[in-house]
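Observations on chain architecture
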Amino acid sequence: MSLAGKLALVTGSTSGIGLGIAKTLAAQGANLVINGFGNSQDIEKLIKELSDKHKVSVDYDGADLSKAADIERMMNSINKKKPVDILVNNAGIQFTSPTQSFPVEKWNAILDINLSAVFHTTRLALPAMKEKNWGRIINIASVHGLVASVEKSAYVASKHAVVGFTK
């Protein structure tokens, strides 16, 4: 399937699974907005590599997905140029600890990035997708969206919630 002319935003795409997803979408002709952490030199190298190899446009937005205002700024900036056709909510963080000693700030960060960011990007991408009568939203959950693991209460809760939100 050719995705030529489509614009894909992949969160958490400067490394790992998200980078693999971004590379696959670029190989199918999709223009990209990548998002994630990393040093600027590595990100510039990644942008050049993806755009040169696949002859697609690649932009980067370093929005902090733990902050709704950053997500809104990112989505508004993207949508002003060209609305997102494909949204891949991949970004995620994890921290392990017994529930009774789980740091509240870690709990909040995990829920913000793993769950709330999915809501915010989706709500801001949907209007243009509905207007075009075309769009795809892919939410990455993990096996922890179905089963639990010891000392991963926030991660498991966030991934179960992503599965529910997606349904």
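One can find the structure itself at the top, above this paragraph.
As a starting point, this report considers the structure included with it. (Residues numbered from 1 in each chain as written. Predicted model: local features only at pLDDT ≥ 70, side-chain atom pairs only at ≥ 80, totals over all residues. Heavy atoms only, no water.)

**Some words on the environment of K106**
- Here K106 shows up in helix α4 (residues 104-132).
- With ten residues separating them along the chain, K106 and T96 place their C-alpha atoms 9.3 Å apart. (Helix = DSSP H or I, 4+ residues; strand = E, 2+ residues; numbered from the N terminus.)

**With respect to helix α1 (residues 16-27)**
- A rise of 1.5 Å per residue sets the reference length of α1, with its twelve residues, at 16 Å; its end C-alpha atoms lie 17 Å apart and thus fit the reference within 8%.
- All buried positions along α1 are accounted for by G18, L19, A22, L25 and A26. Projection of α1 onto a plane perpendicular to its axis shows the buried side chains occupying an angular sector of 125°, all on one side. Those residues of α1 that are exposed and angled more than 90 degrees off the buried face are G16, I17 and T24.
- At the C-terminal side of α1, G29 shows a positive phi close to 100°. (Expected span 1.5 Å × (residues − 1). Buried < 20%, exposed > 50% of the residue type's maximum accessible area, 1.4 Å probe, protein only. Arc of directions from axis to C-beta.)

**Some details on empty space enclosed by the protein**
- Within this structure, the stated rule accounts for one cavity of 30 Å³ or more.
- A volume near 40 Å³ is recorded for the largest cavity.
- Every residue along the wall of the largest cavity is listed here: T11, L65, N89, N90, A91, I113, A117, V118 and T121.
- Looking at the lining of the largest cavity element by element, the count peaks at four residues for α4.
- Here the residues of the lining of the largest cavity sort into five nonpolar, four polar and no charged. (1 Å grid on protein atoms, 1.4 Å probe; cavity = no way out; pocket = protein on both sides within 12 Å on 5 of 7 lines; lining within 4 Å. Points joined across faces, edges and corners; volume = space filled by probe spheres on them. Nonpolar A, V, L, I, M, F, W, Y, C, P; charged D, E, K, R; others polar.)

**Some details on the nonpolar core**
- Judged by nonpolar contacts, the single largest core of 18 residues is most densely connected at A8, L25, L32, I34, V58 and I86.
- Residue assignment for this core shows that the elements contributing at least two residues are β1 (7-10), α1, β2 (31-34), α2 (40-54) and β4 (86-89).
- Contacts of L32, omitting those with residues within four sequence positions, involve L7, A8, A22, L25, A26, L50, S57, V58 and D59.
- Of all hydrophobic cores here, the second largest spans 17 residues; its members include L7, V33, M75 and L124. (Core = buried A, V, L, I, M, F, W, Y, C linked by side-chain atoms within 4.5 Å. Contact = heavy atoms within 4.5 Å.)

**Remarks on unusual backbone geometry**
- We note that K55 has phi near 55°; this positive angle belongs to a residue other than glycine.
- Mapped onto the fold, K55 is located in the loop between α2 and β3 (58-60).
- The backbone phi angle of E151 is positive, close to 65°, even though this residue is not glycine.

**Things to note about a nonpolar patch on the surface**
- A cluster of nonpolar side chains, contributed by V143, L146 and V147, occupies part of the molecular surface with about 300 Å² of accessible area.
- Relative to the helices and strands, V143 is located in the loop between β5 (136-139) and α5 (153-166).
- Classification of V143 as exposed rests on a relative accessible area of 52%. (Patch = residues over 30% accessible without salt bridge, like charges linked within 9 Å, V, L, I, M, F, W, Y side chains within 5 Å. Areas by Shrake-Rupley, 256 points an atom, 1.4 Å probe, with all protein chains shown as cover. Salt bridge = Lys/Arg side-chain N within 4 Å of Asp/Glu carboxyl O.)

**Some thoughts on the sheet that holds β5**
- Strand order across the open sheet formed by five strands is β3-β2-β1-β4-β5, with parallel pairing between neighbours. Two strands in the sheet have a free side with no partner beyond their single neighbour: β3 and β5. When strand polarity is set aside, the average angle formed by the axes of neighbouring strands in this sheet is 15°.
- Pairing of β4 with β5 involves four bridges; the strand directions are parallel. Across the sheet, residue I86 finds its bridge partner in β5, namely R136.
- Its contacts with the sheet put α4 on β4 and β5, and the angle it makes with β4 is roughly 175°. (Pairing = 2+ DSSP bridges. Axes fitted to C-alpha atoms, helices over the stretch in contact; angles between N-to-C directions.)

**Concerning the layout of surface pockets**
- If you add up the space inside the largest pocket, you get close to 370 Å³.
- Sorting the residues of the lining of the largest pocket by element identifies α1 and α5 as the ones contributing at least two each.
- In terms of residue count, the dominant contributor to the lining of the largest pocket is α1 (three residues).
- Class assignment for the residues of the lining of the largest pocket results in ten nonpolar, twelve polar and two charged.
- The volume enclosed by the second largest pocket comes to roughly 180 Å³.

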